[in-house]
Amino acid sequence: MSEPVRLKIVEGVAWLTISRPDKLNALDGEMVDAIVPACREIERSAAKVAILTGEGERSFCAGGDIDAWSNASPEAFGRHWVRDGHAAFDALARLAVPLIAVLNGHTLGGGLELAACADLRIAEAHVRIGQPETGLGIIPGWSGTQRAVRRFGPQLVRRMALFGHVYGAEEALALGLVDQVVATGEGRAAAEIAAAGVMKRSARATELTKMLINAAEGEESERVVEALAGAVAAASDELQEGLSAFRERRPARFGQ
Ligand code: COA
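Just so we're clear, the structure is a prediction, and the values are computed from it rather than from any experiment. (Residues numbered from 1 in each chain as written. Predicted model: local features only at pLDDT ≥ 70, side-chain atom pairs only at ≥ 80, totals over all residues. Heavy atoms only, no water.)

Examining the overall build of the chain
Phase 1 of the analysis: Along its length, the chain carries 12 helices and 10 strands.
Phase 2 of the analysis: Principal-axis analysis of the C-alpha atoms gives the chain an extent of 65 × 45 × 40 Å.
Phase 3 of the analysis: In the chain, which comprises 256 residues, the share counted as buried stands at 44%.
Phase 4 of the analysis: Taking the contacts inside the chain whose residues are at least 6 apart along the sequence as the reference set, 69% of them involve residues at least 24 apart.
Phase 5 of the analysis: In the form shown here, the chain has an accessible surface area of approximately 13,200 Å², with 55% of it arising from carbon and sulfur atoms. (Helix = DSSP H or I, 4+ residues; strand = E, 2+ residues; numbered from the N terminus. Buried < 20%, exposed > 50% of the residue type's maximum accessible area, 1.4 Å probe, protein only. Contact = heavy atoms within 4.5 Å. Areas by Shrake-Rupley, 256 points an atom, 1.4 Å probe, with all protein chains shown as cover.)

Rendered as structure tokens:
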């Protein structure tokens, strides 16, 4: 049986596929837990860009698995379901390489939150995008009221989350929910073209620029500030002197 979250790295492109087509790729706890290790594996690999999509032709992701979360206790809901989902989606949104999402069908609830993690969204013509959670009596809890607001704007999120608007491809494009619309079945090929564009550019400059854009958006400003400052400090002669002094049990001589 194939893994419900499948990672394949081919010629510098990491393909991450949400694969539970009989349930329209709804995410259960096990699938959510598989996302952080997959992101770490992508970052340890030679991949320069990642493409996220759903298995099959009907759905990108129809959200969190309703049976899974509705059977959780209130405590487990907050402590595990919401927290683990945030950890997974944060890892995706903060992936070192650009992330392209191919929305190949239903992109609902957690599916929209998943899509919001991407740097580029390509929608196939039959896409349906929305936030149905309040109609079920629950809130969009995997950053559907936070990252989605930062990335799509509060009014659009209000329309989807409070009024139940569901958007098709052309409307989603006009509203800025997606970046490109392609015919059904052509999303992966379009993503490969976008990925080739990323691979022509400097990987280091791309990674740094993505971090800066994320920081400007409030995505991860604390880590970005310390990561960039840490990299500058790590490249300095003074670090070498500090380490040598520690090992030689003597006071450090910093530029004196
Ligand atoms: N969680 C668990 N199972 C889900 C699911 C979800 N979020 N979304 C779809 N499924 C399952 C269905 O229960 C069904 O399973 P079954 O065949 O074992 O009965 C299967 O996926 C196919 O879905 P179905 O509803 O039969 O397809 P459809 O084409 O008639 O409708 C949707 C498609 C997306 C409109 C409908 O499945 C739906 O509304 N899903 C829930 C979306 C949602 O509210 N997401 C947010 C959850 S917090």
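Here the narrative resumes, following the displayed structure.
Quick word on the side chain of Thr 206
Phase 1 of the analysis: Inspection of the secondary structure assignment puts Thr 206 in helix 10 (residues 203–216).
Phase 2 of the analysis: Residues in contact with Thr 206, not counting those within four places in the same chain, are Pro 98 and Arg 201.

Some points on the pattern of salt bridges
Pairing between side chains becomes possible if they bear opposite charge and their charged atoms approach one another.
Phase 1 of the analysis: Applying the stated rule across the entire model yields 16 salt bridges.
Phase 2 of the analysis: Between Arg 151 and Glu 219 there is a salt bridge whose closest N-O contact spans 3.5 Å. Here Arg 151, found in helix 6 (residues 147–152), pairs with Glu 219, found in the loop between helix 10 and helix 11 (221–234); they are 68 residues apart in sequence, far enough to count as distant.
Phase 3 of the analysis: Using a relative accessible area of 15% as the deciding quantity, one classes Arg 151 as buried. (Salt bridge = Lys/Arg side-chain N within 4 Å of Asp/Glu carboxyl O.)

What about the environment of Ile 66?
Phase 1 of the analysis: Along the polypeptide, Ile 66 turns up in helix 2 (residues 66–70).
Phase 2 of the analysis: It is 33 Å that separates the C-alpha atoms of Ile 66 and Ala 194, two residues lying 128 residues apart in sequence.

Examining the packing of helix 1 (residues 29–44) against helix 3 (residues 74–93)
Phase 1 of the analysis: At a closest axis distance of 8 Å, the pairing of helix 1 and helix 3 adopts a crossing angle of 30 degrees. When the axis of helix 1 is compared with that of helix 3, the two are roughly parallel. Helix 3 is crossed by helix 1, and the crossing has left-handed handedness. Listed contacts from helix 3 to Gly 29, Val 32, Asp 33, Ile 35, Val 36, Cys 39 and Arg 40 of helix 1 are Trp 81, Asp 84, Gly 85, Ala 87, Ala 88, Phe 89, Ala 91 and Leu 92.
Phase 2 of the analysis: Grouping the amino acids of the contact of helix 1 with helix 3 by side-chain chemistry returns 10 nonpolar, two polar and three charged. (Axes fitted to C-alpha atoms, helices over the stretch in contact; angles between N-to-C directions. Parallel < 35°, antiparallel > 145°, perpendicular 65-115°, else oblique. Left-handed = near helix turned anticlockwise from the far one by under 90°. Nonpolar A, V, L, I, M, F, W, Y, C, P; charged D, E, K, R; others polar.)

Observations regarding the packing of helix 10 against helix 11
Phase 1 of the analysis: At a closest axis distance of 8 Å, the pairing of helix 10 and helix 11 adopts a crossing angle of 140 degrees. On the basis of the axis angle, helix 10 is oblique to helix 11. Taken as a pair, helix 10 and helix 11 cross one another with a handedness that is left-handed. Where helix 10 abuts helix 11, its residues Leu 208, Met 211, Leu 212 and Ala 215 lie against Ser 221, Arg 223, Val 224, Ala 227 and Leu 228.
Phase 2 of the analysis: Taken together, the residues that form the contact of helix 10 with helix 11 break down as seven nonpolar, one polar and one charged.

A few points about the pairing of strand 7 (residues 120–124)
Phase 1 of the analysis: Across the five residues of strand 7, four count as buried, placing the element largely inside the fold.
Phase 2 of the analysis: Bridge count for strand 7 against strand 10 (residues 180–182) is three bridges, and the pairing is parallel. Bridged to Ala 123 within strand 10 is Val 181. (Pairing = 2+ DSSP bridges.)

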